[in-house]
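Structural overview for review
Given next are the chains, with one letter for each unit.
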Amino acid sequence: MGRGGIGGAAAMETADSTRAFVKDVRRVIIKVGTAVVTGQTGRLAMGRLGSLCEQVKQLNFQGYEVILVTSGAVGVGRQRLQYRKLIHSSFADLQNPQMDFDGKACAAVGQSGLMAIYDTLFSQLDVTSSQLLVTDRDFKDPSFGDQLRETVFALLDLKDPSGIFWDNDSLAALLAAELSADILIMLSDVEGLYSGPPSDPQSKIIHTYVNEKHGKLISFGEKSCVGRGGMQAKVVAAVNAASKGVPVVIASGFATDSIIKVLKGEKIGTLFHNEANSWECTKEATAREMAVAARDCSRWLKKLSSEERKKILLDIADALEANEDAIRRENEADVEAAQDAGYEKSLVARMTLKPGKITNLARSIRAIADMEDPISHTLKRTEVAKDLVFEKAYCPLGVLLIIFESRPDALVQIASLAIRSGNGLLLKGGKEAMRSNAILHKVITGAIPDSVGKKLIGLVTTKDEIADLLALDDVIDLVIPRGSKNLVSQIKATTKIPVLGHADGICHVYIDKSADMDMAKRIVLDAKVDYPAACNAMETLLVHKDLNKTEGLDDLLVELEKEGVVIYGGPVAHDKLKVPKVESFRHEYSSMACTLEFVDDVHSAIDHINRYGSAHTDCIITTDEKAAEAFLQQVESAAVFHNASTRFCDGTRFGLGAEVGISTGRIHARGPVGVDGLLTTRCILRGSGQVVNGDKGVVYTHRDLPLQ
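As the structure is a computational prediction, the values presented were derived from the model and not from experiment. (Residues numbered from 1 in each chain as written. Predicted model: local features only at pLDDT ≥ 70, side-chain atom pairs only at ≥ 80, totals over all residues. Heavy atoms only, no water.)

Some points on the overall build of the protein
- Within the protein one finds 25 helices and 24 strands.
- The 708 residues of the protein split such that 50% are buried.
- For the protein, restricting intrachain contacts to residue pairs at least 6 apart in sequence, the fraction spanning at least 24 positions comes to 74%.
- Split by element, the accessible area of the protein, about 33,200 Å² in all, is 50% carbon and sulfur. (Helix = DSSP H or I, 4+ residues; strand = E, 2+ residues; numbered from the N terminus. Buried < 20%, exposed > 50% of the residue type's maximum accessible area, 1.4 Å probe, protein only. Contact = heavy atoms within 4.5 Å. Areas by Shrake-Rupley, 256 points an atom, 1.4 Å probe, with all protein chains shown as cover.)

Observations regarding unusual backbone geometry
- One non-glycine residue, Lys549, lies in positive phi territory at about 65 degrees.
- Relative to the elements of secondary structure, Lys549 occurs in the loop between β16 (538–544) and α22 (551–562).
- Its identity is not glycine, yet Asp695 carries a phi of approximately 65 degrees, on the positive side.
- Within the secondary structure, Asp695 is located in the loop between β23 (679–686) and β24 (700–705).

A short note on the pattern of salt bridges
- In total, this model carries 26 salt bridges according to the counting rule given.
- Across the pair Asp257 and Lys261 runs a salt bridge, and its minimum N-O distance is 4.0 Å.
- Judged by its relative accessible area of 29%, Lys261 falls in the partly exposed class. (Salt bridge = Lys/Arg side-chain N within 4 Å of Asp/Glu carboxyl O.)

Some words on the environment of Lys485
- Among the structural elements, Lys485 can be located in helix α20 (residues 485–493).
- You can call Lys485 partly exposed: its relative accessible area is 40%.
- Sequence separation between Lys485 and Gly501 is 16 residues; the distance between their C-alpha atoms is 9.9 Å.

What about helix α21 (residues 517–529)?
- Across its 13 residues, α21 extends 18 Å between first and last C-alpha, which sits within 8% of the 18 Å expected from 1.5 Å per residue.
- Of all the positions in α21, only Met517, Ala520, Ile523, Val524, Leu525, Ala527 and Lys528 are classed as buried.
- Elements in contact with the buried residues of α21: β15 (507–511), β16, α22, β18 (593–599) and β19 (617–621).
- Residue Asp516 occupies the N-cap position of α21, its side-chain oxygen lying 3.0 Å from the main-chain nitrogen of Asp518. (Expected span 1.5 Å × (residues − 1). Polar contact = N/O pair within 3.5 Å; in protein donor to acceptor, adjacent residues only side chain to side chain.)

Quick word on the side chain of His273
- Tracing the backbone shows His273 in the loop between β8 (270–272) and α12 (276–303).
- His273 sits in the buried class, given a relative accessible area of 16%.

Quick notes on a negative patch on the surface
- A grouping of Asp516, Asp518, Glu551, Asp554 and Asp555 is seen on the molecular surface, where their side chains present a negatively charged patch.
- Among the elements that line the negative patch, the one with the most residues is α22, at three residues.
- Summarising the element assignment, Asp554 is placed in helix α22.
- For Asp554, a relative accessible area of 33% corresponds to the partly exposed category. (Patch = residues over 30% accessible without salt bridge, like charges linked within 9 Å, V, L, I, M, F, W, Y side chains within 5 Å. Lys, Arg positive; Asp, Glu negative; His and termini not counted. Charge placed at Lys NZ, Arg CZ, Asp CG, Glu CD.)

Some points on the sheet that holds strand β13 (residues 457–460)
- Strand order across the open sheet formed by four strands is β13-β12-β11-β14, with parallel pairing between neighbours. Edge positions in the open sheet fall to β13 and β14 (478–482), since each of these has one partner strand only. On average, adjacent strands in this sheet sit at an angle of 20 degrees to one another, irrespective of strand direction.
- In the sheet, strand β11 (residues 399–404) pairs with β14 via five bridges, with the strands oriented parallel. Of the residues in β14, the one forming a bridge with Leu401 is Val479. (Pairing = 2+ DSSP bridges. Axes fitted to C-alpha atoms, helices over the stretch in contact; angles between N-to-C directions.)

A short note on helix α24 (residues 602–612)
- Burial in α24 covers these residues: Val602, Ala605, Ile606, His608, Ile609 and Tyr612. The buried residues of α24 all sit within an arc of 165 degrees when viewed along its axis, so they share a single face. Those residues of α24 that are exposed and aimed more than 90 degrees away from the buried face are Asp607 and Arg611.
- As for α24, its buried residues are in contact with β15, β16, β18, β19 and α25 (625–634). (Arc of directions from axis to C-beta.)

Concerning the sheet that holds β15
- Taken together, six strands build an open sheet; the order of strands is β17-β18-β16-β15-β19-β20 and the sheet is parallel. Both outer strands of the open sheet, β17 (566–569) and β20 (639–642), are each paired with one neighbouring strand and no more. Neighbour-to-neighbour, the strand axes of this sheet turn through a mean angle of 20 degrees, independent of strand direction.
- For β15 and β19, the ladder comprises four bridges, and the chain directions are parallel. Along β19, the bridge assignment pairs Ile511 with Ile621.

Quick notes on the packing of aromatic side chains
- For the coordinates displayed, the defined rule picks out four aromatic pairs.
- On the numbers, 6.3 Å between centres and 15 degrees between planes, the contact of Tyr118 with Phe122 is stacked. Pair noted here: Tyr118 and Phe122 are both in helix α6 (residues 103–124), with a separation of four residues, about one helical turn. We note that Tyr118, like Phe122, is buried.
- On the numbers, 6.3 Å between centres and 70 degrees between planes, the contact of Phe641 with Phe654 is edge-to-face. Note that Phe641 is positioned in strand β20 and Phe654 in the loop between β20 and β21 (661–663), a separation of 13 residues in sequence.
- By relative accessible area, Phe641 is classed as buried at 11%.
- Note on Phe654: relative accessible area 40%, which makes it partly exposed.
- Across the ring face of Phe598, the terminal group of Lys576 is positioned such that the distance to the ring centre comes to 5.6 Å. (Phe/Tyr/Trp six-rings, centres within 6.5 Å; stacked < 30°, edge-to-face > 60°. Lys NZ or Arg CZ within 6 Å of the ring centre and 35° of its normal.)

Spelled out as structure tokens, the structure:
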């Protein structure tokens, strides 16, 4: 493959922008730490060595020039010497063991065995290996460099050997500079460089090292118990190599594909690069400036009257309809590109703006504009004491960061709700809908008056900007992820900013024994097949055990199968219906799959949902009002329905105008989040010179007052 990089152009599309240089990498030096080569006892870690050699084989086959610098001889030698001493020790010696060995002696004993293992593994992979033994001292000889380059280049010209060197981190850096390597990959027992000891939960991985920023802030943990170096030695060597023009990545050697991922340009490990300082400063400034601009514009927005904010929304609705043809062209280009790239049909369906969609979006914006103004709406007034009045009122949250996948119509809904609620907004959509998001953002911001500012709504265009934005907990007030479980979980784990959303969309429908089966069939089919990819579509069907083998249930299951739904069974349903057995009630199958299980009664159904559900949306179908009421009161979900499809769980259908997402959390907003969910409250106290003074002379009345 030469200079093309692993995976070619398709792989580079997903690469981190700061690592785009890997597409030109040809000569790779890989440094393997002792903790990777050996286990805690000093014995060779054969699984990791095998994985390492297989990755080298793949690189070799793809045309890379690979040089491996490996530690481990000291650890292997120490383990062998300890074993030999133990078997020749007397009982008295064992009572007071002395196991200190000279490092050079350990290296001498372990070197031959380590190299023999490498040679055996590479031979099995049909890769010819060669070995050179050098030390730091050799580089002090001016003539050594010429001899080294001549030897290495001669070996590399033989086409397929991998040069194997033994020594440490500083040697790898010297070697990389001497041989003009394109990259040095240092494999360690941790994922990269952290802001503190990796065992400390407060420590965060540093993906791009900037000496001026991180050099004096990092506290290093203890060295590996089996190696001679440690992270500090690796950082010193990496900084040295980067200063000489050789990029370095410190990554985990415990992962089976770290080397391959580094050469794909993925954002793993810690990168050292001589231009990193300019990258980091530019990125951080861009993210912060975008967030601060949105905050400043939101303050201007709050100053407008309700009618002025309403006019902005009406202008946006008009602008969308006026630019429908341009929006449709960009969306069609996105859809065609997604289909060519082989994206799943469900994703393509979500990103497609079908005929009439723009009209519906404009209608929902006008509905939001006609809503009662939520800003400064007074919720409560209380007379605290004579001429001292307490008020609780709505106010905007501030700046929202919304990260969503696939659906460009979400951009329109979220922007409209943000404007109505007086919030600044930063949006990051999926790259598959990049053209659609760009044109929609342009149309919407074009309708925002200069008195507020176009930067009220910022569009984030690259994936690596997300990490910078998630660090701005002093500017951004709420993050709302709309997408997969992995997306939500990842964001929650990487930010201090409050996150509103749902990690799973496991929705249940329970058919009670008293259910009208014609109604049940309508509801279940709608809940499952109206829009199978939606988060409010049914995943699990619970059925009262008395309905087993009844005509109504049989007809329902036949209809589901006709619609292409694959039915899996829980333990009871699997035994009775002979359908494939479900792996886990928390497992999410494809959108066209459904889990079926029989339960004893409504209380068993409630217990099942509370145990295995995701607190999203759950429904009971029954004519028994007592059973229905028990279900509605005891199921601990954000939305609970009686005799209605789970598909109704939607901001527009609930009359919220639109939604920014659905929240399954128990703090702040729950269920579909509309304008109210983007507001918080503040306390206002109107007095006439009162002071506390130990509460002397203050007569508290705490009398409710009418809202004004």
